[in-house]
Amino acid sequence: MSLFSLAPSVQILGSDGSPLPACAYSSSSGLARLEPSLSNMMMLGMSLDWSYETPTASATKMTPSGYVPAVYNAWLDITPDTFNGTGFDINLFNWFGSEVGRVGGILELSLNPQTSNVSYITPSMMEAFAAKCQNINQQYGVPIYLRYGHEMNGDWYPWGNAPTLYKASFRQFAGIIRQYTNMTAMVWAPNIGITYPFVGGGARESPSKGGLDFDVLDTNGDGVINNYDDPYTPFYPGDDVVDWVGISLYYYPTCHNDCAVPSGEFLAQLTGVNNTEEPSANQSAWLAVHNFYEMFSVNRGKPMMLPETGSPFIAAWANLTGAVSATVIKEGWYSQVFSSNSLSQLTKFKFAVQFEEVKALALDGL
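Described in the following lines is the structure provided in the data block. (Residues numbered from 1 in each chain as written. Predicted model: local features only at pLDDT ≥ 70, side-chain atom pairs only at ≥ 80, totals over all residues. Heavy atoms only, no water.)

## Examining unusual backbone geometry
Heads up, the rule is: By the criteria applied, helices consist of DSSP H or I runs no shorter than four residues and strands consist of E runs no shorter than two, each listed in order from the N terminus. Whether a residue is buried, partly exposed or exposed follows from its accessible area with a 1.4 Å probe, protein chains only, as a fraction of its type maximum: under 20%, in between, or over 50%, in that order.
Residue P197 is bonded to the preceding Y196 through a cis peptide linkage, with omega at -5°. The backbone phi angle of N40 is positive, close to 60°, even though this residue is not glycine. Inspection of the secondary structure assignment puts N40 in the segment before β1 (43-48). Judged by its relative accessible area of 60%, N40 falls in the exposed class. Even without being a glycine, N84 presents a positive backbone phi close to 55°. Along the chain, the position of N84 falls in the loop between β2 (71-78) and α2 (90-102). Looking at N84, the relative accessible area reads 83%, which means it is exposed.

Structure representation (structure tokens):
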């Protein structure tokens, strides 16, 4: 039985308590769960630092611009043997849902399985979480994009570089979510793989030859895991359980300065075409496994989001010769992401979420 057929049509209730049928999911629509029927437009999202800012504050601040976010990201851990066995803070999750409900938004929930063995995220933990998703969907009228175990192709999270365990856990979670609600969509979201395989993250490096999952990650079978291997597909749980695909995609300056965003940078990273990391030899083989949009949105028909994106301004570099302002950097990036060019070339690209936090970065030790 397909997992798509398991989910009930959980209704979202209006302010008068009556159901809103337009919110129900239909597999015959040709759209994925929570995929908006948009043409020549995209949604805007914000990943807030919830320690000092809420969706209400963000929306109020942005209202004069005419662009109010539709999606708000929040972070939540799910950890074995915590919170009386459920693994997550149900009150914090409820707060995220209620706050997003105040502005009529959609919650992107980045759920981090804090374990090196995601099989320890048990079905009972998943069921408790799914029940709360259903509650938030209905009580607050808040749909949820559930981004489970993001950036799993990296080495900086404990769940990273373990595709067999990850795919099994994702599939199990998707099946349980769909037993409770159709208003929570499963999001599969690796890190941009242009510089894959990643090293130095410190949590879990790529497996050595002969190690667990080595053969899975050595996608071209040449006996090494290198930049010619597919950074995405080994971690992909399957079309039947993935509603949306996403990619963590940023502009990080490589000039060791606050330099302007190069023309075409966004598409070069997303597709690999004209990217500075593109090798001089076997270019077609490299591009075949680095064009994320073509691989998953064109070939598999999945709607795509940027669940976190941005272009950092490094204050310590502000006075260097040739440095440009934060405004120039950020406008340079977003004029590419939210552009007529992106809309025309990337018709399955539906929204991008600005990473709106102050964060320490490992750029020249900063």
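Continuing now.
## Some details on the pattern of salt bridges
Going by this rule: Salt bridges are defined by distance alone: a side-chain nitrogen of Lys or Arg within 4 Å of a carboxyl oxygen of Asp or Glu.
One pass over the structure, following the stated rule, counts 10 salt bridges. K348 is the partner of E35 in a salt bridge, and the nearest nitrogen-oxygen pair spans 3.1 Å. Of this pair, E35 sits in the segment before β1 while K348 sits in the loop between α10 (340-345) and β9 (349-356), and the two are 313 residues apart along the sequence. Residue classification places E35 among the buried residues on the basis of a relative accessible area of 8%. One salt bridge connects R300 with D239, and the closest N-O pair in it is separated by 3.0 Å.

## Regarding the state of the cysteines
What is meant by a disulfide is a covalent connection between two cysteines, made through their sulfur atoms. Convention followed: Only a pair of cysteine sulfur atoms within 2.5 Å qualifies as a disulfide here.
Enumeration according to the criterion identifies one disulfide in this entry. In this model C255 forms its disulfide with C259; the gap between the sulfur atoms is 1.9 Å. Between C255 and C259, the S-S dihedral sits near -100°, and the bridge is therefore left-handed. Given the relative accessible area of 33%, C255 is considered partly exposed.

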